[in-house]
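# Examination of the molecular architecture
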Amino acid sequence: MAHYVDGFVVPVPTKKLDAYRRMARKAGKIWREHGALEYRECVADDAPPGKLTSFPQSVKLKPDEIVVFSWIVYKSRKDRDRIMALVMKDPRLASMMDPKTMPFDGKRMIFGGFKTLVEL
């Protein structure tokens, strides 16, 4: 069964990583409550800058930041669209989305929705 995945890459200041983790845990619970199958947030451990492209380059990583790679899995694109609409209306998420208090620079976040190509 093919799933649908939203993927994200975010630069997070290292001094704000704990705040990001707290926000991500709350957000993940909201997504799961609304029907997402999986919610993952991962901190770069082996993602060096490349010569042409890389995770750090994709978000214009600064020296005091770390890359966070995240994804959310859904049953289908239709489920994702339904769940995303619910999540975006959820007041618990809205309270975390003030750009002045977010623990990362949302302008440098990259994201997109993806159909799975291979699932094992």
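Residues numbered from 1 in each chain as written. Predicted model: local features only at pLDDT ≥ 70, side-chain atom pairs only at ≥ 80, totals over all residues. Heavy atoms only, no water.

Per an unreviewed UniProt entry, the chain goes by the name DUF1428 domain-containing protein and belongs to Pseudolysobacter antarcticus.

## Quick notes on the pattern of salt bridges
Pairing between side chains of opposite charge can happen when the charged atoms of each approach one another. We apply this condition: Just to be clear on terms, a salt bridge is a Lys or Arg side-chain nitrogen sitting within 4 Å of an Asp or Glu carboxyl oxygen. Accessibility here uses a 1.4 Å probe with only protein chains present; expressed as a share of the type maximum, an area under 20% marks a residue as buried, one over 50% as exposed, and anything in between as partly exposed.
In this structure the tally under the stated criterion is 10 salt bridges. One salt bridge connects Arg108 with Asp105, and the closest N-O pair in it is separated by 3.0 Å. Judged by relative accessible area, Asp105 falls into the partly exposed class, the value being 26%. What emerges from the salt-bridge pattern is a single network uniting Asp6, Arg77, Arg80 and Asp81.

## A few points about the packing of aromatic side chains
To be explicit about the condition: Classification of ring pairs uses Phe, Tyr and Trp, with its six-membered ring standing for Trp, and accepts pairs whose centres are within 6.5 Å; under 30 degrees between planes counts as stacked, over 60 as edge-to-face, and the remaining range as tilted.
With the rule as written, the count across this model stands at four aromatic pairs. Judged by centre distance (5.4 Å) and plane angle (45°), the rings of Phe69 and Trp71 are tilted. Of the residues examined, Phe69 reaches a relative accessible area of 35% and is grouped as partly exposed. By way of ring pairs, the aromatic residues Phe55, Phe69 and Trp71 are connected into one cluster.

## Observations regarding the sheet that holds strand S4 (residues 110-115)
Short version of the rule: One bridge is not enough; two strands pair if DSSP finds at least two bridges between them. Helix and strand assignments come from DSSP, with helices taken as H or I runs of at least 4 residues and strands as E runs of at least 2, each series counted from the N terminus. In this description, a line fitted to the C-alpha atoms serves as the axis of each element, helices being fitted only across the stretch in contact, and the angle between N-to-C directions of two axes falls anywhere from 0 to 180 degrees. Should any heavy atoms of two residues lie within 4.5 Å, those residues are considered in contact.
A sheet is described by the order of its strands in space; here four strands give the open sequence S2-S3-S1-S4, paired in antiparallel fashion. Each edge of the open sheet carries a strand with a single partner, namely strand S2 (38-43) and S4. Neighbouring strand axes in the sheet, compared pairwise and without regard to direction, differ in orientation by 15° on average. When strand S1 (residues 4-13) meets S4, the two strands line up antiparallel, connected through six bridges. When the bridges of S4 are listed, Phe8 appears paired with Phe111. Sitting on the sheet, helix H3 (residues 77-89) touches S1, strand S3 (65-74) and S4, and the angle it makes with S1 is about 50°.

## Remarks on the side chain of Arg80
Rule in force here: The term polar contact refers here to a pair of N or O atoms within 3.5 Å; inside protein, the definition further demands a hydrogen-donor-capable atom paired with an acceptor-capable atom, and it admits residues adjacent in sequence only when both atoms are side-chain atoms.
Within the secondary structure, Arg80 sits in helix H3. Of the residues examined, Arg80 reaches a relative accessible area of 15% and is grouped as buried. Polar contacts involving the side chain of Arg80 include one to the side chain of Asp81, which spans 3.0 Å. In this view, Arg80 contacts Tyr4, Asp6, Tyr74 and Gly113; residues no more than four positions away in its chain are not counted.

## Considerations on a nonpolar patch on the surface
Convention followed: Like charges are joined within 9 Å and nonpolar side chains (Val, Leu, Ile, Met, Phe, Trp, Tyr) within 5 Å, but only among residues with over 30% relative accessible area and no salt bridge; these make up the patches. Each accessible area is a Shrake-Rupley result for a 1.4 Å probe, and residues are judged covered by the shown protein chains and nothing else.
Together, Leu117, Val118 and Leu120 make up a nonpolar patch on the protein surface, roughly 480 Å² of accessible area in all. With respect to the helices and strands, Leu120 occurs in the segment after S4.

## Remarks on the environment of Lys29
Residue position: Lys29 is located in helix H1 (residues 17-33). For the pair Lys29 and Tyr39, spaced 10 residues apart in sequence, the C-alpha to C-alpha distance is 8.4 Å.

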